[in-house]
Amino acid sequence: MRIRVAIADDHAVVRQGLRTFLELQDGMDVVGEAADGDEAVALVERTAPDVVLLDLVMPRLDGLEAIPRIRERAPGTRILVLTSFADDRTVLPAIRAGAAGYLLKDVQPPELAAAIRTVHSGEALLAPSVATMLVEQLAAEDGAGPARRDDGGHHLTPRELEVLAELARGRANKAIAFELGVSERTVKTHVSNILGKLGFTDRTQAAVYAVEHGLVGRRD
């Protein structure tokens, strides 16, 4: 199965560089380019790509505003943020809006190709520095007291809570399977059950939930 990718960035040289690189990758096709958020939304609605690479700083409509519109018009499209910076005004809002991943533009080309395949497979992908920032920001929101807890995680099985904690650490299914000593297929089943029970469609949302509710450190 080929992965259909759309590119949204306001710099033509960046778009051209990404297109040239992606067209050399096995199993990837570039379906179009957009120079601002409005064009990105229209492009995704018109072409329904599997993955859209989305810059956050663009004219007319920025990436943060474009994310929920893309999710609304093409819920099957995975959004991979590819931008020059990460701070507390962009990381958590992007993830909460529905981005499946967040990378910085200093990412190495092979890592970018792997990230596209990762988010296309339904997994989440955060640059290490971004993952750290996300956890710190969520912790700051909770203040100096203990992390918030409610009944949300209590209807998950002990094994599902373990898998959820690993998701919050940004680990892929294969790594979770190795850590827990189970098959990758079993992990996929657990992830599906977790999303269903929590009412999420995206494992990134589940990861944020786990951090917000203090589930990251939970183990049997």
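Residues numbered from 1 in each chain as written. Predicted model: local features only at pLDDT ≥ 70, side-chain atom pairs only at ≥ 80, totals over all residues. Heavy atoms only, no water.

1. Notes on the overall build of the protein chain
Inclusion rule: Runs of E in the DSSP output that reach at least two residues are strands. Runs of H or I that reach at least four are helices, and both are numbered from the N terminus. Working definition: with a 1.4 Å probe on protein chains only, accessible area under 20% of the residue-type maximum means buried, over 50% means exposed, and in between means partly exposed. Should any heavy atoms of two residues lie within 4.5 Å, those residues are counted as being in contact. For the accessible areas, the method is Shrake-Rupley and the probe is 1.4 Å, while residue cover comes only from the protein chains on display.
Tallying secondary structure elements over the protein chain gives ten helices and six strands in all. Counting all 220 residues of the protein chain, 49% fall into the buried class. Counting contacts in the protein chain only where the partners sit at least 6 residues apart, residues at least 24 apart contribute 67% of the total. For the protein chain, the exposed area adds up to about 10,400 Å²; of that, 53% sits on carbon and sulfur atoms.

2. A closer look at the pairing of strand β5 (residues 101-104)
Working note: regular strand, side chains alternate between the two faces of the sheet. Our working definition: If you view a crossover with the strands going away from you and the path from the first strand over the helix to the second runs clockwise, you call it right-handed. The pairing criterion for strands is at least two bridges between them, as found by DSSP.
Burial along β5 is two-sided: G101 and L103 and Y102 and L104, pointing in opposite directions, are all buried. Regarding topology, helix α4 (residues 91-97) serves as the crossover connection from strand β4 (residues 78-83) to the parallel β5, and that connection is right-handed. As defined by bridge partners, β5 adjoins strand β6 (residues 125-126) across two bridges and the pair is classed as parallel. For G101, the partnering residue across the bridge sits in β6 and is L125. In the classification by handedness, the crossover that spans β5, the intervening helix α5 (residues 109-120) and the parallel β6 is left-handed.

3. Remarks on the nonpolar core
Rule in force here: Grouping buried Ala, Val, Leu, Ile, Met, Phe, Trp, Tyr and Cys residues that are joined through side-chain atoms within 4.5 Å yields what is termed a nonpolar core.
In terms of nonpolar packing, the biggest core is built from 49 residues, with L22, L53, L80, L112 and I116 touching the most fellow members. Not counting the four nearest positions on each side in its chain, L112 is found in contact with L18, F21, L53, L80, L82, L103 and V107. Judged by nonpolar contacts, the second largest core, of 20 residues, contains V163, I176, A177 and L195.

4. Details of helix α1 (residues 12-22)
Spacing of three or four residues puts side chains on the same side of an α-helix, whose turn is 3.6 residues. Quick note on the threshold: An arc is given here, and it is the one of the directions from the helix axis to the C-beta atoms.
Turning to α1, its buried residues number three or more, namely R15, L18, R19, F21 and L22. Seen along its axis, α1 keeps its buried residues to an arc of 165 degrees; they face one direction. Where the residues of α1 are buried, they touch β1 (3-8), β2 (28-34), β3 (51-54), β4 and α5.

5. Some remarks on the sheet that holds β1
Which entries qualify depends on this criterion: Working convention: axes come from line fits to C-alpha atoms, limited for helices to the stretch in contact. Angles between N-to-C directions cover 0 to 180 degrees.
Taking strand neighbours across the sheet as the criterion, the six strands line up as β2-β1-β3-β4-β5-β6 in an open arrangement whose pairing is parallel. Only two strands of the sheet have a single neighbouring strand rather than two, namely β2 and β6. Packed onto the sheet, helix α2 (residues 37-47) meets β1, β2 and β3 and runs at close to 140 degrees relative to β2. Sheet strands touched by α5: β1, β2, β3, β4, β5 and β6. Its angle to β4, the strand with the most contacts, is close to 155 degrees.

6. A closer look at helix α3 (residues 63-73)
Heads up, the condition is: Pairs of N or O atoms are called polar contacts if they sit within 3.5 Å, as long as, within protein, a hydrogen donor faces a hydrogen acceptor (for residues adjacent in sequence, only side-chain-to-side-chain pairs).
Within α3, burial applies to G63, A66, I67, I70 and R71. Buried residues of α3, viewed axially, fall in a sector of 135 degrees; they line one side. Residues of α3 that are buried sit in contact with α2, β3, β4 and α4. Of the residues flanking the start of α3, the one acting as N-cap is D62, its side-chain oxygen 3.2 Å from the backbone nitrogen of L64.

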